[in-house]
Amino acid sequence: MSKQKWLWGIVILLLVVSSPGIMMRWNAEQSNDAYEIVIPYDEIQVVNKESDLTMDKILSSLKDAGLTTVSLEPLTLKEMEHQSLVSIYNENELAAQLRFTPYKDAIDSSKSGYYISVPENASYQQLIKDSIKPEEVQIGDESFYFLPSSNHRYDLKTPIGYDKPAIEMINKHDLSLIFKVENADNKAANEKIVKQLLELKDSSAGRLLGSGTEAIGFGQKSGNVFVEKLSEAGYYFYTIESNPLKGEDKIAKSTDYNMIRLHSINVNRETKLKPAVSIDRTTRAVKERNIRSIFYHIKIRGNAEKNLAETIDYLTGVQKQMPNHFKSGTPQLFDVVAVPTWVTALVLLAGIVFTFLISELVKWMPLRIAAVLFMSALAIAYFLLKSTLFLQAFALIIAVMAPTYAVIKAAKGSKNIASILLQYLKAVGISIIGIVIVIGLLNGNAFMTGFEAFKGVKLVYVVPIAGVLVFVLLELNRLVDQNLKKTLSNTVTLLNKDLKYWHVLLLIVVAGIGLFYISRTGNAGSVSNAELAFRQWLENILYVRPRTKEFLIGFPFFVLALYVMGINRKWGSILLVPGVIGFLSIVNTFTHLHIPVAVSALRTLYSVSLGFVVGLVFIFIFKIGYRLISKAVARWS
C-alpha cells in the first residue's frame, strides 16, 4: 500500500511540475475575448434592391445594432451581369439583336465568345481590363469587350477581382472587411486575385475566408506561394466550424495555425430557425467553443425590410445576451501555445506510471509490465518520429482506462454518507488525473483551432461501460478467486448454464439501450425538444450547463451503487454500470479540445456537485422503497 501511495505521489508531482503547459493554453483562451458578427455584402445588396432603403441607411442601421464586419466575394462577369453592371451576349445572341440594324454583318458568328458591354464605372472597366485583358470591339456607338471561348483562363464564373465601390462603401461606415477567396481553376486567375489582395491590404481588411470547396491554390504548384505572400502581407485565414475546405489543413500548418474559428448561421437554409435560437447558438459558440467569428445570413426571400428588421433584432439580441467579458470587435489570433518538450516528457512519464497503477486490475505482473512497455514505446515513438498520432493513441488509452479504473477502485460499499463521499471524491480524483494527462498531451494551437483532435470519442463512451460490466459479471458470478482452479471451474459452470428466453429478451433490451446511448453521443446526437428547453434553462442560470447524463444519471447512480453495495455488494455492483457514465462523460468533456479549459472545468464542477446531491436523493428514495418492500415481504412470509 505504501508503495502505491508513493507512485500516486509521483504521478501528481509530475503533473504539477508540467502544469505550465496547460496554463499556457488557459491564458491564451482567457485573453482572446473579442468576437465579430459578419454579414455578406451581396445579401445586404438584396435588401437595397428590393426595398426603398439606401445602402447608407442599411449599413448604418446594421452597425448601430452590432454589426462589426462585412464579407465581400470576388466579382465574376456573371455576378456583374446579375448586378446589372454589364450585359453579356454570346456571338449568336448579339448577331440576332443586330439582325435588323445597319450592323447586321458586324458580328462574325464563326468567332465564338462573349460580348460584354462596357460598364459606366471606370473602376469596373479597369477591373475587367486588368483581369481578362479583353479585345475591345466597337459596333456603331456601342463599345464591347470581347472574351473569346478559346481563353481557357477565364469564363463567366471565374473570379476577376473585388468590387472597389463596395469596399469604399464598407469603409465609409467604418466596418471591418473580410475578403472571401475562391480557388480558381487556373494559376493565372489566382495570381491576379492575390495581386489585388496585396494591393488592398490595410488595417480594416486583413482577413480571408475561403469560398466553395477548396482553399486558394489547392491542387496547384504555386498554392503554397500564394499563401506565403498573403501571410507575409499580414493576412490571416478563417476556418469554418465542421466544414473545412480541401487544402485548408496545409494552410493551417504553414501559418502555425494562425486561424480564426468561424460558425455559420444560414437562415436561408434553416428556414425555420428563429432569431432567439440563432442568438442562443451565437452566444454558445463564442463562450463554449473558441469561436470568434459568427457568419450570419440575411434572409433573401420575402419582404426585404422585414428581413432587415429580423436581422437587427438578432444583432441587438446578441449584444444583450453575450457575457460581459466578451467584447464585440475584431477577433484576434490565439497567442502561440508552444509546449516545451520537457513538459510533454513529464506528462508522458506521468501517464506511464498511471498506467502501471491502473493495471493492478489485472493482478498478473507480466501483463502489467507489458502495458507499461507498450505505453513507453508510444512515448519513444513520438519523440523519434514527431507524429501527434502517437500522442493521440497514448491519450486515448488513458481516457478509456481512467474512468473504468476510477469506478472499480472506488467501489467500496457503505451506508455511511461520509464514507460514500470519500469514495466518490476518490473516483472523481482518479478521473481528473486522467483528464490532466490527456489535455497535457494534446495541447497547442493545432488542437485549439480544431485541426488536430482527440481520436476515439466513441471508444470513451463504450470501453469504460464494457470494462465495468465485466467487473460486475465477475462479482455476480464469483469468477475471480485466489485459487486458479476454482476460478476456471466457476467460469465453466457459468458458460454451461442453459440460455433462457428472458436472457435473450434482456440482451435485446440492453442492446437497444446501448444503441440509443451511442446515438446520443457526439454533436449529431438526437435530443427531445423538452430536453433542449431544460438545457437552455440550465445554461441561462449557470452560464454553462452541466451534462444531463452526468448529474442526473451517471453520478447519482454511482452514489446509489455505493450505498446499495453497503447492503448487498452483488446488487449494488449492478448500479456501477450506469454509474460509470458520469466519469467517462467528464473525461469526454475535456477531450473536446476546442472547448476552453475553464468552460470544461466549470461544467464538470457543476456536474460533480449536483450529481452527488441528486445521488443523495436517489438514496433517500431507495431507503423508502426498501423499507416498504421489506415490510411487505415480512407481512406475506
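Conventions and cut-offs
Residues numbered from 1 in each chain as written. Predicted model: local features only at pLDDT ≥ 70, side-chain atom pairs only at ≥ 80, totals over all residues. Heavy atoms only, no water. Patch = residues over 30% accessible without salt bridge, like charges linked within 9 Å, V, L, I, M, F, W, Y side chains within 5 Å. Areas by Shrake-Rupley, 256 points an atom, 1.4 Å probe, with all protein chains shown as cover. Salt bridge = Lys/Arg side-chain N within 4 Å of Asp/Glu carboxyl O. Helix = DSSP H or I, 4+ residues; strand = E, 2+ residues; numbered from the N terminus. 1 Å grid on protein atoms, 1.4 Å probe; cavity = no way out; pocket = protein on both sides within 12 Å on 5 of 7 lines; lining within 4 Å. Points joined across faces, edges and corners; volume = space filled by probe spheres on them. Buried < 20%, exposed > 50% of the residue type's maximum accessible area, 1.4 Å probe, protein only. Arc of directions from axis to C-beta. Contact = heavy atoms within 4.5 Å. Lys, Arg positive; Asp, Glu negative; His and termini not counted. Charge placed at Lys NZ, Arg CZ, Asp CG, Glu CD.

A. Main features of a nonpolar patch on the surface. Where nonpolar side chains cluster on the molecular surface, the patch consists of Phe534, Trp537, Ile541, Leu552 and Ile553 and spans about 450 Å² of accessible area. Counting residues per element, the ones that place at least two in the nonpolar patch are α22 (529–542) and α23 (548–565). Within the secondary structure layout, Trp537 lies in helix α22.

B. Fine view of empty space enclosed by the protein. Inspection of every chain in the model, using the stated rule, returns two cavities of 30 Å³ or more. Considered as a void within the structure, the largest cavity measures approximately 70 Å³ in volume. Val181, Leu208, Leu209, Gly210, Ala215, Ile216, Phe237, Tyr238, Leu245, Glu248, Ile251 and Met259 are the residues that line the largest cavity. Looking at the lining of the largest cavity, the elements that each hand over two or more residues are β8 (207–211), β9 (236–240) and α11 (248–254). Element by element, the count of residues in the lining of the largest cavity is highest for β8, at three residues.

C. Seen up close, helix α8 (residues 164–172). All buried positions along α8 are accounted for by Ala166, Ile167 and Ile170. Across the axial projection of α8, the buried residues extend over an arc of 100°, all falling on one side. Across α8 from its buried face, at more than 90 degrees, point the exposed residues Glu168 and Lys172. Elements that come into contact with the buried residues of α8 comprise α3 (41–49), β2 (69–72), β7 (176–182) and α9 (187–200). Of the residues trailing α8, Asp174 is marked for its positive phi of about 55°.

D. Layout of a positive patch on the surface. Side chains of Lys415, Lys623, Arg627, Lys631 and Arg635 sit close together on the surface and give a patch of like positive charge. Residue position: Arg635 is located in helix α26 (residues 597–636).

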